[in-house]
Amino acid sequence: MSDGSLNLETSPEVLLAQLAGAFRGEVYGIAFFTHMLTHYQGYTDEAAQRPALELLLKVEQITAAIMAAHLPTLEVPCDLDDPLMRAQGIKDADVWLNLGWPELIDTLVDWVEPYQQQYRDQSERAGGFWPLFYLVDKHETAIFDYLQAEQQGEKNATAVLQRFIDAYPNSGLV
Ligand SMILES: [Fe+2]
């Protein structure tokens, strides 16, 4: 626009590119948490910490599965086996395998926060694609809320992850 007015509409092309990016983030997240779950060296209370990582992984898997079921109809490319994103997820997890649990949680809080904000902002401008943006926002918010609760030592920190999982019983994964 050349008249100086603000254009608050996001074009469909940009929205679809944002969804493609969010999907790649899920492939990354699945690789990250799968690798972390298997190779994490800092378990101090494995009976509690391993199930938390499993729930984080499941939130990513559910989000990816629902997106993978809908993105092709929008002609948005989505490859659950995207080798670049999988490799990146594993590479990044490798760096944090030796962190103690509190340090890992602190690191993940800082890591997830900008994405939570970004996906929240995108969902507010999602136009006709709001159901998928809502899903993306909701899953990242669940992860961020869990991490903050865990950071603060809340007893039932994982409840927010379980609530997200329970909300999508037909994803084919639960
Ligand atoms: Fe994710």
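Residues numbered from 1 in each chain as written. Predicted model: local features only at pLDDT ≥ 70, side-chain atom pairs only at ≥ 80, totals over all residues.

1. Focus: helix α5 (residues 130-151)
For step 1, the next point in the chain: Here α5 is 22 residues long and its end C-alpha atoms lie 31 Å apart, about the 32 Å a rise of 1.5 Å per residue gives.
For step 2, the next point in the chain: Backbone geometry just after α5 places G153 at a positive phi near 75°. (Helix = DSSP H or I, 4+ residues; strand = E, 2+ residues; numbered from the N terminus. Expected span 1.5 Å × (residues − 1).)

2. Some words on unusual backbone geometry
For step 1, the next point in the chain: With phi around 60°, E75 is a residue other than glycine that occupies positive phi space.
For step 2, the next point in the chain: By secondary structure assignment, the location of E75 is in the loop between α2 (46-70) and α3 (83-96).
For step 3, the next point in the chain: Of the residues examined, E75 has 7 C-beta atoms within 10 Å and is grouped as exposed. (Buried ≥ 20, exposed ≤ 12 C-beta atoms within 10 Å, placed from the backbone.)

3. Thoughts on the nonpolar core
For step 1, the next point in the chain: In this structure, V59 and L161 are the most contacted members of the largest nonpolar core, which totals 42 residues.
For step 2, the next point in the chain: Breaking this core down by element, the ones donating at least two residues are α1 (12-39), α2, α3, α4 (101-123), α5 and α6 (159-166).
For step 3, the next point in the chain: Considering each element in turn, this core owes the most residues, eleven residues, to α1. (Core = buried A, V, L, I, M, F, W, Y, C linked by C-beta atoms within 7 Å.)

4. Looking at the packing of α4 against α5
For step 1, the next point in the chain: Where α4 meets α5, the axes come as close as 8 Å, and the angle between the chain directions of the two elements is 155°. Taken together, the axes of α4 and α5 are roughly antiparallel relative to one another. Viewed along their axes, α4 and α5 form a crossing whose handedness is left-handed.
For step 2, the next point in the chain: Tallied by class, the residues present in the contact of α4 with α5 amount to 13 nonpolar, six polar and six charged. (Axes fitted to C-alpha atoms, helices over the stretch in contact; angles between N-to-C directions. Parallel < 35°, antiparallel > 145°, perpendicular 65-115°, else oblique. Left-handed = near helix turned anticlockwise from the far one by under 90°. Nonpolar A, V, L, I, M, F, W, Y, C, P; charged D, E, K, R; others polar.)

5. Points about the packing of α1 against α2
For step 1, the next point in the chain: At a closest axis distance of 9 Å, the pairing of α1 and α2 adopts a crossing angle of 155°. As judged from the angle between their axes, α1 and α2 are roughly antiparallel. Crossing of α1 over α2 shows left-handed handedness. Between α1 and α2, the contacting residues are F23, E26, V27, G29, I30, F33, T34, M36 and L37 on the first element and R50, L53, E54, L56, L57, E60, Q61, T63, A64 and M67 on the second.
For step 2, the next point in the chain: Tallied by class, the residues present in the contact of α1 with α2 amount to eleven nonpolar, four polar and four charged. (Contact = placed C-beta atoms within 7 Å.)

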